[in-house]
Amino acid sequence: MVSTLAGSNSGYLDGPGASAQFNSFGGIAIDDSGNVYVTDYGEGNKIRKITPTGEVSTIIVSYINGATDGSGLEVEFSGLQGLAVDASGNVYVSDLFNSHIRKISPTGVVTTFAGSTFGTADGLGSNAQFKFPMGIAISISGNIYVCDSGNHRIRKILPSGMVSTLAGSTVGFADGTGVAAQFSNPTGIAVDIDENVYIADTDNHKIRKITPTGAVTTLAGKDNIQFDVRHGGYLDGVGSEAFFFLPKGLTVDASGNIYVADTYNHRIRRITPEKILMGDAKTHAGVYDIAINAQDNQGGSTVQNFILTVTDVTPPAVSGLWPPDDGANVNSSNLQINFSEDVKKGSGNILIKQVSDDVEVASIPVNGSEVSIDNIANKGLSTMGVVSINISNILTLPSHTALYVEIPTGAFTDMSGNDFPGFSDKTSWNFSTDVVLGIETNIIKGFQMYPNPVTNVLNINAQEPIKNIQILNLLGQQVVLKVVNYTKTSLDLSRLNTGTYFVKITTDKTTKSIKLFKN
């Protein structure tokens, strides 16, 4: 559905919707609040702002060509082109004929962020040089990427203002890494969430891709010598089978689809990302646009498009238990289940029963406060969903007793809605207790253990001698043992794998177990 957000006749007028007027557009960007910014350079140099409701205002206007920084009417530009907005609301714009990258703060203060005279020099701020910069884009990490069209290069500017050449050298066409690659008047640019940069290589009639390391490949487009002396054309197809004719603006969405303003073909083209589906459905669940290109021996071809839906139907699997299955002499007051993926609560009760006679000694509601979930995939630890069952505040389990845990189907589900099948027998998860669980009997006077999470060195202090320290993985296997017999000690855990562990500290009087997170 196409609609008009703002604008009507050619001119210059702020106001709501169709009452506003624009002249000639150079670039467009949108901020996190949905405000649209455009460069309007028909009569002077202007940057206009359009709210989501269509209200148009002018944030910068310059009627004199120049390069003066400042605010208000003292500011000068010369040929505004591409622009982008960062997460703080700062607007960055390509000042074409000044060969500068200018920055406009949310309060309207203009500064020259990078650039000086014409040239190709890298460097900090004004030590860098550009030649007719055009498209500009900002990554989620705050790096700025610029189509330095007159130099046929793609430049990268760090938030500090340090400019470097990501790719490109002399005019031409070549894939390769860094200066080995060639472009011809690149104008449009976009960057995805993985910091891959996409370029409308205008005079080559191609769409190029640059990885964060500067490796350049041709994503789509090829020469069509029969169509035009400039080798442009129009044809849909896969990769190098497609033709473009002087593509300029482009953008990329969150799914990796690239949208291209194919200038001389007067069309908006879409390039869907290539997907290689390998492994289980959990990592590839979603809806995919698929294109199959068939060719005959006479040069003819046809493209068939269809939709492929990949659905995750695999239930979550257990990757670790605490206490471990068949664990002996357990004295922890918390139970823990580790899943190999993120999970969420379902419904039902977790039951703890005696192995000898199936007598129920505990019934814990899954949706109660005693059951908590910590999906730690994004915390620098191993990918898993951790379910903790805190029994210390609600019951006392019998000591020196063989117990097993029953978990109903659907007590936990993965993020695709697949139910964990649960434990329904005595052998899936059983353990025998030592001291009475649920009561803090294992107090070590003056005990301290830090830092937690730990990266390198773990410190343990107490006011009574520590005999030994064991570190166990989630399967109950010992991975570290240190005999101490001191009140203070340190352990170098720099070589310990990232993950969740239990530290078991033994003194003359008691044994204490504490969960440890290793970064």
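The following refers to the structure shown. This structure is a prediction, so every number in the text was calculated from the model and none was measured. (Residues numbered from 1 in each chain as written. Predicted model: local features only at pLDDT ≥ 70, side-chain atom pairs only at ≥ 80, totals over all residues. Heavy atoms only, no water.)

### Remarks on the nonpolar core
Counting 22 residues, the largest nonpolar core has Ile337, Ile350, Ile407, Phe412 and Trp429 as the members making the most contacts within it. Counting residues per element, the ones that place at least two in this core are strand S27 (334-339), strand S29 (349-354), strand S30 (360-365), strand S32 (385-390) and strand S33 (402-406). Ranked by residues supplied to this core, first place goes to S27 with three residues. Those residues in contact with Ile350 that lie beyond four places of it in its chain are Ala362, Ser363, Ile364, Val366, Val371, Ile389, Val405, Glu406, Ile407 and Phe412. Core analysis: the next-biggest nonpolar cluster, separate from the first, contains 19 residues, Phe447, Ile469, Leu493 and Tyr501 among them. (Core = buried A, V, L, I, M, F, W, Y, C linked by side-chain atoms within 4.5 Å. Buried < 20%, exposed > 50% of the residue type's maximum accessible area, 1.4 Å probe, protein only. Helix = DSSP H or I, 4+ residues; strand = E, 2+ residues; numbered from the N terminus. Contact = heavy atoms within 4.5 Å.)

### Section: the side chain of Asp40
Within the secondary structure, Asp40 is located in strand S3 (residues 36-40). With relative accessibility at 1%, the residue Asp40 sits in the buried group. For Asp40, the residues in contact, after removing those within four places along its chain, are Phe22, Asn23, Ser24, Asn45, Lys46 and Arg48.

### Focus on the sheet that holds strand S14 (residues 162-168)
Spatially, the five strands line up as an open sheet ordered S10-S14-S13-S12-S11, and their pairing is antiparallel. What marks the edges here is a single partner per strand, and that holds for strand S10 (123-124) and strand S11 (133-138). Two elements, S10 and S14, share two bridges in a ladder whose sense is antiparallel. From the neighbouring strand, Leu124 faces S14, where its bridge partner is Met162. (Pairing = 2+ DSSP bridges.)

### Some remarks on the pattern of salt bridges
A full pass over the atoms with the stated rule returns 13 salt bridges. Between Asp95 and Arg102 there is a salt bridge, with its nearest N and O atoms 2.6 Å apart. When sorted by exposure, Asp95 lands in the same class as Arg102, which is buried. For Asp122, the salt bridge is made with Arg155, and the minimal N-O distance between the two is 2.9 Å. Here Asp122, found in the loop between strand S9 (110-114) and S10, pairs with Arg155, found in strand S13 (residues 153-157); they are 33 residues apart in sequence, far enough to count as distant. Look at the salt bridges and you will find they share partners, linking Asp14, Asp40 and Arg48 into a network. (Salt bridge = Lys/Arg side-chain N within 4 Å of Asp/Glu carboxyl O.)

### Overview of the environment of Ala84
By secondary structure assignment, the location of Ala84 is in strand S6 (residues 80-85). On the basis of relative accessibility, which here comes to 7%, the residue Ala84 falls in the buried class. Through-space distance from the C-alpha of Ala84 to that of Ala29 is 5.3 Å; in sequence the pair is 55 residues apart. If sequence neighbours within four positions are ignored, Ala84 has contacts with Ala29, Asn90, Val91, Tyr92, Ile136, Ala137 and Ile138.

### As for the packing of aromatic side chains
If you walk through the whole model with that rule in mind, you get nine aromatic pairs. Each ring, one from Phe97 and one from Phe132, has its centre 6.2 Å from the other, and the planes form 80°; the classification is edge-to-face. With Phe97 in the loop between strand S7 (91-95) and strand S8 (100-104) and Phe132 in the loop between S10 and S11, this residue pair connects regions lying 35 residues apart in the sequence. Accessibility expressed as a relative area gives 27% for Phe132, which makes it partly exposed. Ring geometry for Phe245 and Tyr264: centres 5.2 Å apart, planes at 65°, overall edge-to-face. With a gap of 19 residues between them, Phe245 in the loop between strand S19 (215-220) and strand S20 (247-252) and Tyr264 in the loop between strand S21 (258-262) and strand S22 (267-271) connect regions that are remote in the sequence. The class for Phe245 is buried, based on a relative accessible area of 7%. Ring-pair connections join several aromatic residues into one group, and the members of that group are Phe339, Phe412, Phe420, Phe423 and Trp429. Positioned above the aromatic ring of Phe244 is the side chain of Arg269, whose terminal nitrogen or guanidinium carbon lies 4.7 Å from the ring centre. (Phe/Tyr/Trp six-rings, centres within 6.5 Å; stacked < 30°, edge-to-face > 60°. Lys NZ or Arg CZ within 6 Å of the ring centre and 35° of its normal.)

### Observations regarding the sheet that holds S6
The four strands lie next to each other as S6-S7-S8-S9, forming an open sheet whose pairing is antiparallel. Strands with a single pairing partner mark the edges of an open sheet, and in this sheet they are S6 and S9. Across this sheet, the average inter-strand angle for adjacent strands is 30°, counted without regard to direction. For S7 and S8, the ladder comprises five bridges, and the chain directions are antiparallel. Of the residues in S8, the one forming a bridge with Val91 is Ile104. (Axes fitted to C-alpha atoms, helices over the stretch in contact; angles between N-to-C directions.)

Everything listed is a geometric property; what it means functionally is a separate question.
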